[in-house]
Amino acid sequence: MAKNELLYEGKAKSIYGTENPDELVAVFRDDITAFNGEKKDCFSGKGILNVGVSAFFFSMLEENGIKTHFIRMGDERSMVVSKLEMIPLEFVGRNRAAGSLVKKFPFEEGQVLDPPLIITDYKNDERGDPPICDDIIYALGILTPEELGQVREMTLKINEILFEFFDKLGLLLVDFKIEFGRLDGEIVLGDEISMDSMRLWDKETGESFDKDVYRFGKGDVMSAYGRVVEKIEEWKRQNVR
Ligand code: ADP
Ligand code: UDP
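Report on the accompanying structure. Note that the structure is a prediction, hence the values are computed from the model and not measured. (Residues numbered from 1 in each chain as written. Chains lettered and ligands numbered in written order. Predicted model: local features only at pLDDT ≥ 70, side-chain atom pairs only at ≥ 80, totals over all residues. Heavy atoms only, no water.)

### What about the nonpolar core?
The cut-off we apply is this: We define a nonpolar core as any set of buried Ala, Val, Leu, Ile, Met, Phe, Trp, Tyr and Cys residues linked to one another through side-chain atoms lying within 4.5 Å. Here's how the labels work: a residue is buried when its accessible area is under 20% of the maximum for its type, exposed when over 50%, partly exposed in between, all with a 1.4 Å probe on protein chains only. Runs of E in the DSSP output that reach at least two residues are strands. Runs of H or I that reach at least four are helices, and both are numbered from the N terminus. Every residue pair with non-hydrogen atoms within 4.5 Å of one another is taken to be in contact.
By size, the foremost hydrophobic cluster in this structure holds 57 residues, and its most contacted members are Phe 57, Leu 143, Phe 166 and Phe 180. Per-element tally for this core: the top contributor is helix α1 (residues 46-63), with 9 residues. For Leu 143, the residues in contact, after removing those within four places along its chain, are Ile 87, Leu 89, Phe 91, Ile 137, Tyr 138, Leu 148, Val 151, Arg 182 and Ile 187.

Written out as structure tokens, the structure reads:
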């Protein structure tokens, strides 16, 4: 599908229109940012790794009954997706305490969160993605209580599927961020699921294989991301149907 005009350039992806008004092309760039864009870099090949992982998880979620925007791969760094009317919320699923949760609340780093937490932030860079509560979501008319319940349930199910999968790879899914949008009145998973939007720790050593490697200068980002891709590829080889 040929992409035409650039509709939106975000921190890590560019969104293009296509000749089909219902479809977009999401190009995963090599740019990486942290701390709300304060730290910025570019790692050659990162976009290719993240688009592959995202496409893999969207397909896996579809097979498990979760509706997503993924239609098909475009070129090696892009995917064709359904155009969604994005819901300006970030849903963060958390199985262990880390990151901003530990900074803001008296949790121990790595503390088990059972049941998992689903936390909602208002997606707005200028306002620093502030945490948002149910009443504000309703007052702003972002979601109805029924819709919020439905999105929370979807997030919990996505968490279960991803957690179980990473466990088989020897990785612990600490937390992740997802975004949803509307398609013909239905709520659908959008955006991406990649090493940029999750925390993954080695189950034995606690080593990070995600954006924390970049955030905190813990080593080589591309080899950390590459290791996740290798583990997924190895799993695919062993699970050919
Ligand atoms: P950010 O906006 O956080 O800098 P990105 O660089 O990832 O993020 O940009 C991608 C943008 O595209 C995000 O704002 C995201 O909400 C939006 N988006 C993701 N999937 C879709 C979709 N299917 N339809 C419309 N917009 C989408
Ligand atoms: N996250 C994300 N985009 C954001 C904020 C968070 O992808 O704008 C992901 C982040 O990578 C982590 C999870 O959501 O996997 C929880 O992030 P947290 O709230 O701890 O924020 P951070 O550590 O980025 O301050």
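### What about the site of ligand 2?
For the record, the criterion: Residues are labelled near a given molecule or strand when at least one of their non-hydrogen atoms is within 4 Å of it. Contacts described as polar in this section are N or O atom pairs within 3.5 Å, which, within protein, must combine one atom able to donate a hydrogen with one able to accept it, while residues neighboring in sequence count only if both atoms come from side chains. All accessible-area figures derive from a Shrake-Rupley calculation using a 1.4 Å probe, and residue coverage is judged against the displayed protein chains alone.
Lining the immediate environment of ligand 2, one finds 14 residues, of which Arg 94, Ser 100, Asp 175, Arg 199 and Arg 215 sit closest. In the model, an oxygen atom of ligand 2 is placed 2.4 Å from a nitrogen or oxygen of the Arg 199 side chain. For ligand 2, an oxygen atom lies 2.9 Å from a polar atom in the side chain of Arg 215. Its free accessible area being 510 Å², ligand 2 has 80% of it covered by the protein chains.

### Section: the sheet that holds strand β1 (residues 3-9)
Definition in use: Any two strands with at least two DSSP-identified bridges between them are counted as paired. Every angle, taken between N-to-C directions, lies between 0 and 180 degrees, and every axis is a line fitted to C-alpha atoms, over only the stretch in contact when it is a helix.
Spatial ordering of the open sheet is given by β1-β2-β3-β7-β6, a layout of 5 strands whose pairing is antiparallel. Pairing within the sheet leaves two strands with one partner each, and these edge strands are β1 and β6 (70-73). Taking each pair of neighbouring strands and ignoring which way they run, the sheet shows an average axis angle of 30°. In this sheet, strand β3 (residues 23-28) lies alongside strand β2 (residues 13-18) in antiparallel orientation, the contact comprising 5 bridges. Following the sheet pairing, Tyr 16 is matched in β3 by Val 25. Sitting on the sheet, α1 is in contact with β3, β6 and β7 (78-82), with an inclination near 135° to β6.

### Some points on the sheet that holds strand β10 (residues 112-122)
With respect to topology, 4 strands assemble into an open sheet ordered β10-β9-β11-β14, the strand pairing being antiparallel. Of all the strands in the sheet, the pair left with one neighbour each is β10 and β14 (198-202). Averaged over all neighbouring strand pairs, the angle between strand axes comes to 10°, with direction disregarded. By the bridge criterion, 7 bridges tie strand β9 (residues 89-96) to β10 in an arrangement that is antiparallel. Looking across to β10, one finds that Val 92 is bridged to Ile 119.

By themselves these figures say nothing about function.
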